[in-house]
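Observations on the three-dimensional arrangement
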Amino acid sequence: MRDFLDERPLKLRREVAGDRGYWRVFALALSLVLVSVLLIVLDRQGVIAPARLMVRETIQPLAGWLTQRRSELLSWWATPRDAATMQARIAELEAENTRLAAEVLRLEQARVENIFLRQQLAITQSYPWTILGAEVMIRAPDAARRVLTIARGANDGVRVGMAVIGQQPGGPPALIGVVEAVGPRTADVLMITDISSQLSVRLLQADTAPLGLMQGQWQRGSRMRVELIDRSITMREGDHVVTAGISGALNLPLDLASMPTAVPIGVVEAVRQEGQRQIGEIRPFVDPDQVRYVWVILSQDD
Amino acid sequence: MGNSQPRRLEERLARELGLLLILLVIALIQVTLLTGPTGFSVPILLVLAIARALVGSSTAEPVRGLIRSLWWAFYGGLALDVLGSLPIGSHAIAQLLAVIVVGLATRRFAVERPIVPLLAVAFGTLIYEAVLWLIVLPPISDWQTYGLIVMLPSLLLALIPTLPVVAIVHRLVRNTEYQ
């Protein structure tokens, strides 16, 4: 660096006649300014652009290296070095993490809710029901009874005897249980697979829809079975089973009067003879043990 | 004796080329390491040229000192022009005018007093930015906005390295002087 400062050693004392040569300064300044103006004109005409590009290409690796060093320097500068600052930073990040986790959870809930609402919309467009969505809160821990608790109750219009349906991907909305007990904000649903669950149903056959009685069989190692009232009719595998809604149709003062007609339940999977009785094993369209979100049928449009 | 003049010329050319390269490296540092998040960079080359003019004009041969500072300003300006987006020659003109005005105006003041370099750099930065404003006049026609948004931050940034740079240049020039 020292070599570039002056072309010859400086004198120690200021000369008396030192101010006489300032015209040289002005002359050089004027010359350099003129050269600069000429360079501007040439650059605007595109004459110097290739040379400028070449110089830039040449120094690009060095510029990149310097920029990288700058980034590292800034990163190092931003890194906390004392324990108190680090603890404060950790606390700040933990708070941020908590906030983001809550936000992720909220978005996930919204996504799930969106799925259920879409399902609900599809059901109401396809079936003449007024339904109310409900989240499954609790499943009975004991195997003695197949009951689940939903997050809807009397305050939402839920009554004992109402049908509760669910839906699994690719399948129709189908009955999973009947409201058994109602609290202000919750309700217990007796699953159709429970042995104490008995419903009047119809089997959909080609030219008839015979009545039958369906009973849960979970405690017996199966799911549901159906027995026809009219023993002269032959039950076949593949017959679809729907609710009969007898109590409602007859306007009987029973809880099950709220049960609508023609709610899908399942399909007859196997038929066996017990004496003169035909017993059909039903495979439900919706497994009540698998549902996380259900709908209560509040009413059925006529 | 016969070939001493050509060798002298070669040495001088090598020295000028070396100075140009050093200033190009400093320009690179200015536009990479010394840039802030807001886009401003510390105008280290301008400060160097002004410091060279201050120190040079306070020596026994002020004319030669000022001439050297003009070359520093010119080379430094060209280095910035190569790396910048304005036409080549823009920064060179701006630095030349800043250095010539400040160098002549402060030649009677003692550079050892801190206020002198600070005022000189502040004044020089205003001239430098004003010249650049004139060159880029069509896009930024509001000089008040330009002064507030560009000139003032540049001026403050230029003042940061002023005293250390003047001290370093002063020391280098004096060391050369006593050799």
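Fair warning: this is a prediction, and the values are worked out from it, not measured in the lab.

1. A few points about the overall build of chain A
Secondary structure summary: chain A contains four helices and 12 strands in total. In chain A, buried positions account for 35% of the 302 residues. If you take every contact in chain A between residues at least 6 apart in sequence, the share linking residues at least 24 apart comes to 61%. Just so you have it, chain A exposes about 17,900 Å², and 57% of that area is on carbon and sulfur atoms.

2. Some thoughts on the nonpolar core
Counting 68 residues, the largest nonpolar core has A:Val25, B:Ile50 and B:Leu70 as its most contacted members. Within the second largest apolar cluster, 27 residues are counted, among which are A:Phe116, A:Ile123, A:Ile165 and A:Ile282.

3. Re the pattern of salt bridges
All names here are of chain A. Summed over the entire model, instances satisfying the criterion amount to 15 salt bridges over all chains. In this structure, the salt-bridge partner of Arg272 is Glu281, at a minimum N-O distance of 2.7 Å. One salt-bridge network, in which partners are shared between bridges, spans Arg223, Glu269 and Arg283.

4. Let's talk about the environment of A:Ala257
Residue and element names in this part refer to chain A. Considering the arrangement of structural elements, one finds Ala257 in the loop between α4 (246-250) and β10 (264-274). Note on Ala257: relative accessible area 28%, which makes it partly exposed. Ala257 sits 97 residues away from Val160 along the chain, and the two C-alpha atoms are 9.7 Å apart.

5. A look at the sheet that holds strand β7 (residues 211-216) of chain A
All names here are of chain A. On the basis of which strands lie adjacent, the closed barrel formed by six strands has the order β6-β7-β8-β11-β10-β9 and antiparallel pairing. Within this sheet the neighbouring strands show an average axis-to-axis angle of 40 degrees, counted without direction. Two strands pair when backbone bridges link them, and strand β6 (residues 198-204) and strand β9 (residues 240-243) are joined in this way by four bridges, in the antiparallel orientation. Opposite Val201, over in β9, you have Thr243 as the bridge partner.

6. Things to note about the UniProt feature "transmembrane region" (unreviewed entry) in chain A
The sites that carry the UniProt feature "transmembrane region" (unreviewed entry) are, in the present numbering, residues 21-42 of chain A. Measuring from the first to the last C-alpha atom of residues 21-42 of chain A gives 32 Å, for a span that is 95% helix and 0% strand.

7. Comments concerning the UniProt feature "coiled-coil region" (unreviewed entry) in chain A
In the numbering used here, UniProt assigns the "coiled-coil region" (unreviewed entry) feature to residues 83-110 of chain A. Across residues 83-110 of chain A, the secondary structure splits into 100% helix and 0% strand, with the terminal C-alpha atoms separated by 40 Å.

8. Quick word on the packing of helix α2 (residues 49-78) of chain A against helix α3 (residues 62-83) of chain B
The contact between α2(A) and α3(B) brings their axes to 9 Å, and the two run at 85 degrees. The angle between α2(A) and α3(B) falls in the class roughly perpendicular. Along its contact with α2(A), which presents A:Arg52, A:Val55, A:Arg56 and A:Ile59, the element α3(B) presents B:Asp81, B:Val82 and B:Leu83. Of the residues in the contact of α2(A) with α3(B), the class split is four nonpolar, no polar and three charged.

9. Focus: the UniProt feature "transmembrane region" (unreviewed entry) in chain B
Residues and elements named next belong to chain B. Here, the residues flagged by UniProt with the feature "transmembrane region" (unreviewed entry) are residues 17-34, 40-57, 69-86, 92-111, 118-140 and 146-169. Here residues 17-34 runs as 89% helix and 0% strand, with 24 Å between its end C-alpha atoms. Helix makes up 70% of residues 92-111 and strand 0%, whereas the separation of the span's terminal C-alpha atoms amounts to 24 Å.

10. Section: unusual backbone geometry
In the Ramachandran plot, A:Ala262 falls in the positive-phi region, its phi being about 60 degrees despite a non-glycine side chain. Relative to the helices and strands, A:Ala262 resides in the loop between α4 and β10.

11. Considerations on the sheet that holds strand β1 (residues 129-139) of chain A
In a beta sheet, neighbouring strands pair by backbone hydrogen bonds and run either parallel or antiparallel. All names here are of chain A. Pairing within the closed barrel is antiparallel, and its six strands lie in the order β1-β2-β5-β4-β3-β12. Averaged over all pairs of adjacent strands, the angle between their axes in this sheet comes to 45 degrees, without regard to strand direction. When β1 meets strand β12 (residues 293-300), the two strands line up antiparallel, connected through seven bridges. Looking at β12, one finds that Gly133 is bridged to Trp295. Here helix α3 (residues 83-126) sits on the sheet and contacts β1, β3 (163-166) and β12; the angle it forms with β1, its principal contact strand, is near 145 degrees.

12. So, a nonpolar patch on the surface
A grouping of B:Leu148, B:Ile149, B:Leu152 and B:Leu156 is seen on the molecular surface, where their side chains present a nonpolar patch of about 400 Å² in accessible area. Among the secondary structure elements, B:Leu152 is positioned in helix α6 (residues 143-159).

13. Let's talk about the packing of aromatic side chains
Throughout the structure, instances matching the rule amount to six aromatic pairs over all chains. Relative to A:Trp295, the ring of A:Tyr293 lies with its centre 5.5 Å away and its plane at 75 degrees, an arrangement referred to as edge-to-face. Judged by its relative accessible area of 14%, A:Tyr293 falls in the buried class. The buried category is assigned to A:Trp295, whose relative accessible area is 0%. Connected via pairs of aromatic rings, a cluster forms that spans A:Phe116, A:Tyr293 and A:Trp295. The aromatic ring of B:Trp72 is capped on one face by B:Arg52, whose charged end is 5.9 Å from the ring centroid. In this structure, B:Arg107 packs its charged tip against the face of A:Tyr22, placed 4.8 Å from the ring centre.

14. As for α3(A)
All names here are of chain A. Compared with the 64 Å implied by 1.5 Å per residue over 44 residues, the 64 Å span of α3 between its first and last C-alpha is a close match. Of all the residues in α3, the buried ones are Phe116, Gln119, Gln120 and Ile123. Those residues of α3 that are buried lie in contact with β1, β3 and β12.

15. Overview of the side chain of B:Thr106
All names here are of chain B. Within the secondary structure, Thr106 is located in the loop between α4 (90-105) and α5 (115-135). Engagement of the side chain of Thr106 in a polar contact is seen with the backbone oxygen of Val102, the distance being 2.7 Å. Residues within four places of Thr106 in sequence aside, it is in contact with Leu54 and Ala120.

What counts as what
Residues numbered from 1 in each chain as written. Chains lettered and ligands numbered in written order. Predicted model: local features only at pLDDT ≥ 70, side-chain atom pairs only at ≥ 80, totals over all residues. Heavy atoms only, no water. Helix = DSSP H or I, 4+ residues; strand = E, 2+ residues; numbered from the N terminus. Buried < 20%, exposed > 50% of the residue type's maximum accessible area, 1.4 Å probe, protein only. Contact = heavy atoms within 4.5 Å. Areas by Shrake-Rupley, 256 points an atom, 1.4 Å probe, with all protein chains shown as cover. Core = buried A, V, L, I, M, F, W, Y, C linked by side-chain atoms within 4.5 Å. Salt bridge = Lys/Arg side-chain N within 4 Å of Asp/Glu carboxyl O. Pairing = 2+ DSSP bridges. Axes fitted to C-alpha atoms, helices over the stretch in contact; angles between N-to-C directions. UniProt positions renumbered as here; feature names shortened; annotations may be inferred. Parallel < 35°, antiparallel > 145°, perpendicular 65-115°, else oblique. Nonpolar A, V, L, I, M, F, W, Y, C, P; charged D, E, K, R; others polar. Patch = residues over 30% accessible without salt bridge, like charges linked within 9 Å, V, L, I, M, F, W, Y side chains within 5 Å. Phe/Tyr/Trp six-rings, centres within 6.5 Å; stacked < 30°, edge-to-face > 60°. Lys NZ or Arg CZ within 6 Å of the ring centre and 35° of its normal. Expected span 1.5 Å × (residues − 1). Polar contact = N/O pair within 3.5 Å; in protein donor to acceptor, adjacent residues only side chain to side chain.

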